[in-house]
Amino acid sequence: MFRLPTGHRLPLAKFVTDLALWTAATPLAFLLRLDARVVQYGPELLALVLVGLPFEALAIYLLGLPWRSWQKVGVRDLFGLLQGVGGVTVGVTATCFFLAPALQVPRGVPLIAALLAVFLLSGVRLGTRLYAESRARRASGGARDAKKVLIVGAGEAGTLIARDMLRHPQARYVPVGFLDDDPSKRRKSFLGLGVLGAIEDLPEVLATYRVDEVLIALPSAGGRVIRRIVELAREAKVAHRIIPGVYEIVSGKATINEIREVDVEDLLRREPVRLETDEIADYIRGRVVLVTGAGGSIGSELARQVAAFGPEALLLLGRGENSVFQIDRELARAHPDVARHALIVDVRDRGSLRAVFERFRPEVVFHAAAHKHVPLMEANPEQAVFNNVGGTRNLAELALEFGVARFVNVSTDKAVNPTSVMGASKRVAELVVLQASRRCAPEQAFVSVRFGNVLGSRGSVIPVFKEQIRSGGPVTVTHPDMVRYFMTIPEAAQLVLQAGSMADNGTVYVLDMGDPVRIVDLARDLILLCGKEPGHDVEIVFTGVRPGEKLFEELLLAEEGTLPSVHEKIFVARKQERLGGSLFDRLLGDLFDAASEHDGARLRATFQALVPAYTPPDANGAPAAPSAAPPAEPDAAEPVEAEPVEAAEVDEPAGARAAVGVA
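Residue positions within a chain follow its written sequence, with the count starting from 1. Per-residue local features are limited, in this predicted model, to residues with pLDDT of at least 70; the limit for side-chain atom pairs, both in listing and counting, is 80 or more; totals at the level of whole chains, interfaces and linings are taken over all residues. Water and hydrogen atoms were dropped before computing side-chain values, which therefore reflect all heavy atoms in the structure.

Which residues make up the overall build of the protein, and what are the values?
Strands are runs of DSSP state E lasting at least 2 residues, helices are runs of H or I lasting at least 4, and numbering of each runs from the N terminus. Secondary structure summary: the protein contains 20 helices and 24 strands in total. In this scheme, a residue with accessible area under 20% of its type's maximum is buried, one over 50% is exposed, and one in between is partly exposed, where area comes from a 1.4 Å probe on protein chains only. Among the 663 residues that make up the protein, the fraction classed as buried is 51%. We call two residues contacting when some pair of their heavy atoms lies within 4.5 Å. Pairs at least 24 residues apart make up 79% of the contacts formed inside the protein by residues separated by at least 6 positions. Carbon and sulfur atoms make up 55% of the accessible area of the protein, which amounts to about 30,400 Å² in all. In these tables, accessible area is a Shrake-Rupley quantity obtained with a 1.4 Å probe, and a residue counts as shielded only by the protein chains included in the view.

Lay out helix H5 (residues 156-167) in plain terms, naming residues and giving numbers.
Residue count minus one, scaled by 1.5 Å, sets the expected span of a helix. With 12 residues, H5 should reach 16 Å at 1.5 Å per residue; the first-to-last C-alpha distance of 16 Å fits that figure. Looking at H5, one finds that the buried residues are Ala157, Gly158, Thr159, Ile161, Ala162, Asp164 and Met165. Those residues of H5 that are buried lie in contact with strand S1 (147-152), strand S2 (173-179), strand S3 (189-190), strand S4 (193-194) and strand S5 (213-216).

Explain the environment of Arg484 residue by residue, including any values.
Inspection of the secondary structure assignment puts Arg484 in strand S16 (residues 483-484). Along the chain, Arg484 and Arg518 lie 34 residues apart, while their C-alpha atoms are 6.5 Å from each other.

A description of the nonpolar core should follow, citing residues and the corresponding values.
To form a nonpolar core, buried Ala, Val, Leu, Ile, Met, Phe, Trp, Tyr and Cys residues must be joined to one another through side-chain atoms within 4.5 Å. Formed by 52 residues in total, the largest nonpolar core has its most connected members in Val428 and Phe607. For this core, the secondary-structure elements that each account for two or more residues are strand S8 (288-292), strand S9 (313-318), helix H12 (350-360), helix H13 (374-379), helix H14 (381-401), helix H15 (421-439), helix H19 (581-596) and helix H20 (600-610). Counting residues per element, this core draws most heavily on H15, at nine residues. For Val428, the contacting residues outside a window of four places in its chain are Val389, Phe584, Leu588, Phe607, Leu610 and Val611. Of all hydrophobic cores here, the second largest spans 39 residues; its members include Ile280, Val289, Ala303 and Met487.

Go over the packing of helix H9 (residues 277-284) against helix H17 (residues 489-502), please, and point to the residues and values.
Taken N-terminus to C-terminus, the directions of H9 and H17 make an angle of 70°; their axes are 9 Å apart at the nearest point. Here H17 runs roughly perpendicular to H9, going by the angle between their axes. From H9, Glu279, Ile280, Tyr283 and Ile284 reach across to H17, where they touch Val496, Leu497, Gln498, Gly500 and Ser501. For this classification, Asp, Glu, Lys and Arg are treated as charged, while Ala, Val, Leu, Ile, Met, Phe, Trp, Tyr, Cys and Pro are nonpolar and the rest, including Gly, are polar. Taken together, the residues of the contact of H9 with H17 sort by class into five nonpolar, three polar and one charged. Helix axes use the C-alpha atoms of the stretch in contact, all axes being lines fitted to C-alpha atoms, and the angles between their N-to-C directions lie in the range 0 to 180 degrees. For classification, angles of less than 35 degrees are called roughly parallel, those exceeding 145 degrees roughly antiparallel, those between 65 and 115 degrees roughly perpendicular, and all remaining angles oblique.

Outline H20, listing residues and values.
Buried residues of H20: Leu603, Thr606, Phe607, Ala609 and Leu610, and no others. Each buried residue of H20 lies within a common arc of 160° when the element is viewed along its axis, so the set occupies one face. On the buried face of H20, the contacting elements are H14, H15 and H19. The arc under discussion is defined with respect to the helix axis, by the directions toward the C-beta atoms.

Could you give me a rundown of the pairing of S2, with the residues and numbers involved?
A large share of S2 lies buried, amounting to six of its seven residues. If DSSP finds at least two bridges between two strands, the strands pair. Bridge count for S1 against S2 is six bridges, and the pairing is parallel. Paired with Val152 across the strands is Leu179, a residue of S2.

Tell me about the confidence of the model for the protein, and name the residues and values.
Interpreting fine coordinate detail is not advised for predicted regions of low pLDDT. Chain-level statistics for the protein give a pLDDT mean of 78 and a share of 76% at 70 or above. Under a pLDDT of 50 for its full length, residues 624-663 has, in the predicted model, 117 contacts with residues more than four places off or in other chains. Known as pLDDT, the predictor's confidence for each residue is given on a scale from 0 to 100.

Describe the pattern of salt bridges, and please don't skip the residues or the numbers.
Criterion for a salt bridge: a side-chain nitrogen of Lys or Arg within 4 Å of a carboxyl oxygen of Asp or Glu. Counted according to the given criterion, the structure contains 21 salt bridges. The partner of Asp346 in a salt bridge is Arg348, with the nearest N and O atoms 3.0 Å apart. Taking the relative accessible area as the measure of exposure, Arg348 reaches 32% and is therefore partly exposed. What you see here is one network of salt bridges that share partners, running through Lys147, Glu213 and Arg241.

If you had to explain the environment of Arg167 to someone new, which residues and values would you point to?
Counting through the fold element by element, Arg167 comes out in helix H5. Considered as a pair, Arg167 and Ala132 are 35 residues apart in the sequence and their alpha carbons are 9.7 Å apart.

So, in structure tokens, the structure goes:
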């Protein structure tokens with residue numbers, strides 16, 4: 001029931017109007033049902049009117065009808081009218097029967113009166129709304145200076161946008177119709193606007209209706225569809241905009257205020273991830289969850305999504321105070337009921353990490369803290385060792401000691417057949433987690449999740465390109481054949497959470513990164529989306545492959561390199577036997593010694609002993625041939641323990657799919 005406003009006077013004019021119209025429905029019903037014979041039913045008519053008056057007045061007041069806006073009446077208001085009129089009709093009919101059984105009211109009269117009441121009460125409201133919208137349209141200058149908009153997509157999002165435009169003519173947008181590839185919607189109309197054709201009919205429809213702007217209202221469409229619409233609109237030299245994709249529509253609906261320019265993320269849009277939310281909630285809800293690197297792109301998104309599953313407490317750990325402060329404040333607004341603790345701690349600082357574990361006793365750990373820039377780690381290899389390897393070892397050992405139930409290490413595609421220190425360090429970090437998985441209790445699980453680039457992460461290629469375009473260029477691309485895979489930050493975080501729910505101890509999970517994208521094509525798209533012409537307004541310059549960088553990254557998504565899992569977008573890396581625990585620990589000690597002594601040559605040689613597939617670049621920056629030296633032998637007195645590693649680290653199948661990563 002409508003909650004009556006307190007402290008507001010009753011709008012008497014609207015109350016009297018509603019009561020008069022509702023009361024008038026009864027004599028009109030008699031007249032329609034009986035024609036000239038109505039005079040024979042004078043007592044029945046009078047009885048129904050008198051009995052109905054108090055019922056109708058009470059219903060109008062309790063439903064709050066006088067306080068509801070007539071100018072913005074909607075379906076929910078009309079549904080409320082139906083409920084009120086139906087209840088009053090039943091009550092009045094029953095009262096008349098018990099008070100005066102002798103009254104012979106024709107059976108059809110109450111039903112006709114109810115329908116007339118709904119018609120009259122809703123009619124005055126709809127009429128008021130139409131008049132208000134017409135007056136607003138005249139006040140805003142009419143449609144003469146309004147933009148004619150063609151909406152691509154006649155689904156829920158498209159009709160919501162069209163309805164919003166029709167309700168707000170002051171925005172000066174006039175929808176002319178829809179385009180939709182769904183055959184069931186052809187030649188139909190929605191809100192009085194026709195479906196004028198399919199997407200491929202866009203050029204013809206633009207010319208016929210003299211459209212000023214194309215609005216893409218396909219929040220679940222893939223990147224190829226969006227790209228095609230943009231290409232057709234661009235060829236016709238018509239402006240084009242878009243409503244947000246499914247990851248951005250938090251409210252579940254679209255409005256005019258959410259329309260924005262088409263961005264490169266839209267052109268690369270992937271199908272939405274279908275999550276098994278119950279499985280994720282089972283291991284997060286009511287538990288203390290630690291997220292390292294919480295101020296970073298992936299770490300902050302993990303924190304957002306973890307908070308939505310209702311943990312007992314969320315520990316936001318990172319060494320960048322500003323970024324940790326920002327995500328802490330954001331979560332305070334979005335999830336005030338979730339206990340949060342912002343912790344400024346470096347994962348290399350084992351003592352401070354121990355204090356965190358002793359104080360908060362985390363039960364789930366998402367480890368996303370890492371150095372990720374390939375050229376910087378080539379120039380500072382010891383920092384990759386201390387942070388990526390050492391930080392992971394510190395956390396894994398503390399997680400074992402304090403009985404953490406789930407430990408999820410966020411890894412990278414650069415860990416496969418690495419050609420960079422960064423990639424090698426992340427592969428060794430995976431091995432650290434694998435070693436921990438062998439020592440954990442039955443109720444614990446230690447896993448790694450590997451994926452490529454995420455769109456818009458700090459320091460990634462898209463923000464760099466945008467800054468170069470804003471500066472007038474040139475846009476720098478390392479190589480014309482450089483390809484990468486991309487996924488959105490929310491999608492990557494969602495799949496990390498899902499992989500954590502699967503928790504097959506010691507597993508390396510591989511995320512499906514979709515289709516590869518040439519970086520030079522990405523640069524051209526960004527330049528065009530900024531309203532400039534590649535090669536004319538902004539130049540594209542090839543600078544050469546940087547040290548440690550690949551033309552493509554390998555994610556082991558080929559059939560030969562992975563096994564399917566229970567989730568369609570998560571795969572399991574195949575494994576084979578290798579280093580024993582004692583040998584691994586000894587080599588790891590050598591790696592830290594080399595890093596402490598800033599001995600780059602020894603550091604890289606030790607990486608090769610740990611990861612035989614690692615091929616560091618030569619002195620000129622070009623990738624070197626794989627080392628022919630056999631891996632170091634284990635201690636003779638100790639049997640070699642089995643360690644699973646990906647088959648592609650030995651021989652990558654020729655058919656393996658390439659995946660992405662831009663340093």
